[in-house]
Amino acid sequence: MRLFKKKEFFTEAENRQIVQAIRDAERMTSGEIRVFVEHRCRFVHAVDRAMEVFAKLQMQQTQNRNGVLVYVAVRDHQFAILGDDGIHQKVGSGFWDRQAAIMRQHFSSNRFVEGISACVSSIGEALQRYFPYESDDQNELPDDVVYGR
């Protein structure tokens, strides 16, 4: 699903940092976190694009409906955080607003990797609270950063 080289935006080290944040966040939860980065958002609102990506990545198919997508359109300066029904029912809209504030704060000073990593970490804490890791848990979705157009 990669349509441009990740090195065009994140270095290999930055990419590894985000992947490590995802792995750390998922280590204590059955929840799943994906990060999708592209240059431009082809819809007026990033939430519309995030919903499309969420479906394309089949994130709604996790057993507990506890997948979370962090979507970033870099050149358009847009992002969205989309949680599936299972996690959304537990945390509510205010939680997503706080995650957006975390990212907005970092992004305003061009600290994209730090913003994404901090958001992923915070989401992981909520997932751990409501969907703790169980011994038979399996990683339902890949941990890699997905790059779009």
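Keep in mind that this is a model prediction, so the values were computed, not measured.

A.B. asks: Would you mind showing me how to read unusual backbone geometry here?
C.D. replies: Glycine aside, residues mostly have negative phi, and peptide bonds are mostly found in the trans state. Positive phi is not limited to glycine here, since Arg 65 has a value of about 55 degrees. You can see Arg 65 is positioned in the loop between helix H2 (46-56) and strand S2 (67-73). Despite not being glycine, His 77 has its phi angle at roughly 55 degrees, a positive value.

A.B. asks: Explain the packing of helix H1 (residues 12-26) against helix H4 (residues 112-130) to me, please; I cannot follow it from the model alone.
C.D. replies: Packed helices, taken two at a time, are described by the angle their axes make and the gap between the axes. For the pair H1 and H4, interaxial distance at closest approach is 8 Å and the crossing angle is 10 degrees. With respect to their mutual orientation, H1 and H4 come out roughly parallel. Residue-level inspection shows Glu 14, Gln 17, Ile 18, Ala 21, Ile 22 and Ala 25 of H1 in contact with H4, the latter providing Val 113, Ile 116, Ser 117, Val 120 and Gly 124. In terms of residue class, the contact of H1 with H4 is made up of 7 nonpolar, 3 polar and 1 charged.

A.B. asks: What is the right way to read the sheet that holds S2 from this model?
C.D. replies: Sheets are built from strands that pair by backbone hydrogen bonding, the pairs being arranged parallel or antiparallel. Here we have 4 strands laid out as an open sheet, ordered S3-S2-S1-S4, and mixed in their pairing. What marks the edges here is a single partner per strand, and that holds for strand S3 (78-83) and strand S4 (145-147). The sheet shows a mean angle of 15 degrees between the axes of neighbouring strands, taken without regard to direction. Against the sheet, helix H3 (residues 85-107) makes contact with S2 and S3, and its axis sits at roughly 160 degrees relative to S3, the strand it touches most.

A.B. asks: I would appreciate a short explanation of the pairing of strand S1 (residues 32-38) in the present structure.
C.D. replies: When a strand is regular, its side chains alternate between the sheet's two faces. Across the 7 residues that make up S1, a large majority, 7, are buried. Side chains Glu 32, Arg 34, Phe 36 and Glu 38 of S1 all project onto a buried face; the interleaved residues Ile 33, Val 35 and Val 37 project onto the opposite face, where all are buried too. In terms of strand pairing, S1 meets S2 through 7 bridges, oriented parallel. Within S2, the position partnered with Phe 36 by the bridge is Tyr 71.

A.B. asks: I would appreciate a short explanation of H1 in the present structure.
C.D. replies: Two residues of an α-helix separated by three or four positions point the same way, owing to the 3.6 residues in each turn. With 15 residues, H1 extends 21 Å from end C-alpha to end C-alpha; this agrees with the ideal 21 Å at 1.5 Å per step. In the core, the buried residues of H1 are packed alongside S1, H4 and S4.

A.B. asks: What am I meant to see in the packing of H3 against H4 here?
C.D. replies: Interhelical geometry of H3 versus H4 gives an angle of 160 degrees and a closest axis separation of 9 Å. Classified by the angle their axes make, H3 and H4 are roughly antiparallel. Here the hand of the crossing between H3 and H4 comes out right-handed. The segment H3 lies against H4, with Ile 87, Lys 90, Val 91, Phe 95, Trp 96, Gln 99, Ile 102, Met 103, His 106 and Phe 107 engaging Phe 112, Glu 114, Gly 115, Ile 116, Ala 118, Cys 119, Ser 122, Ile 123, Ala 126, Leu 127 and Tyr 130. For the contact of H3 with H4, the residue count by class is 15 nonpolar, 4 polar and 2 charged.

A.B. asks: Just checking my understanding: could you explain the nonpolar core for this structure?
C.D. replies: Among soluble globular proteins, nonpolar side chains are generally buried collectively. With 33 residues, the main nonpolar core has Val 35, Val 72, Val 120 and Ile 123 as its most contacted residues. Taken together, the elements giving at least two residues each to this core come down to H1, S1, S2, S3, H3, H4 and S4. Residue contributions to this core peak at 8 residues, all from H4. Residue contacts for Val 120: discarding those within four places in its chain leaves Ala 21, Ile 22, Ala 25, Ile 33, Val 35 and Val 70.

A.B. asks: What am I meant to see in H3 here?
C.D. replies: With 23 residues, H3 ought to run about 33 Å at 1.5 Å a step, yet its terminal C-alpha atoms sit only 27 Å apart, falling short of that. Maximum bend of H3: about 95 degrees, positioned at Gly 92. Here H3 has its buried residues at Gly 86, Ile 87, Val 91, Phe 95, Trp 96, Gln 99, Ala 100, Met 103, His 106 and Phe 107. In this fold, the buried residues of H3 make contact with S2, S3 and H4.

Cut-offs used in this document
Residues numbered from 1 in each chain as written. Predicted model: local features only at pLDDT ≥ 70, side-chain atom pairs only at ≥ 80, totals over all residues. Heavy atoms only, no water. Helix = DSSP H or I, 4+ residues; strand = E, 2+ residues; numbered from the N terminus. Axes fitted to C-alpha atoms, helices over the stretch in contact; angles between N-to-C directions. Parallel < 35°, antiparallel > 145°, perpendicular 65-115°, else oblique. Contact = heavy atoms within 4.5 Å. Nonpolar A, V, L, I, M, F, W, Y, C, P; charged D, E, K, R; others polar. Pairing = 2+ DSSP bridges. Buried < 20%, exposed > 50% of the residue type's maximum accessible area, 1.4 Å probe, protein only. Expected span 1.5 Å × (residues − 1). Left-handed = near helix turned anticlockwise from the far one by under 90°. Core = buried A, V, L, I, M, F, W, Y, C linked by side-chain atoms within 4.5 Å. Bend = angle between axes of the 7 residues up to and from the residue.

That is the geometry; function is a separate question.
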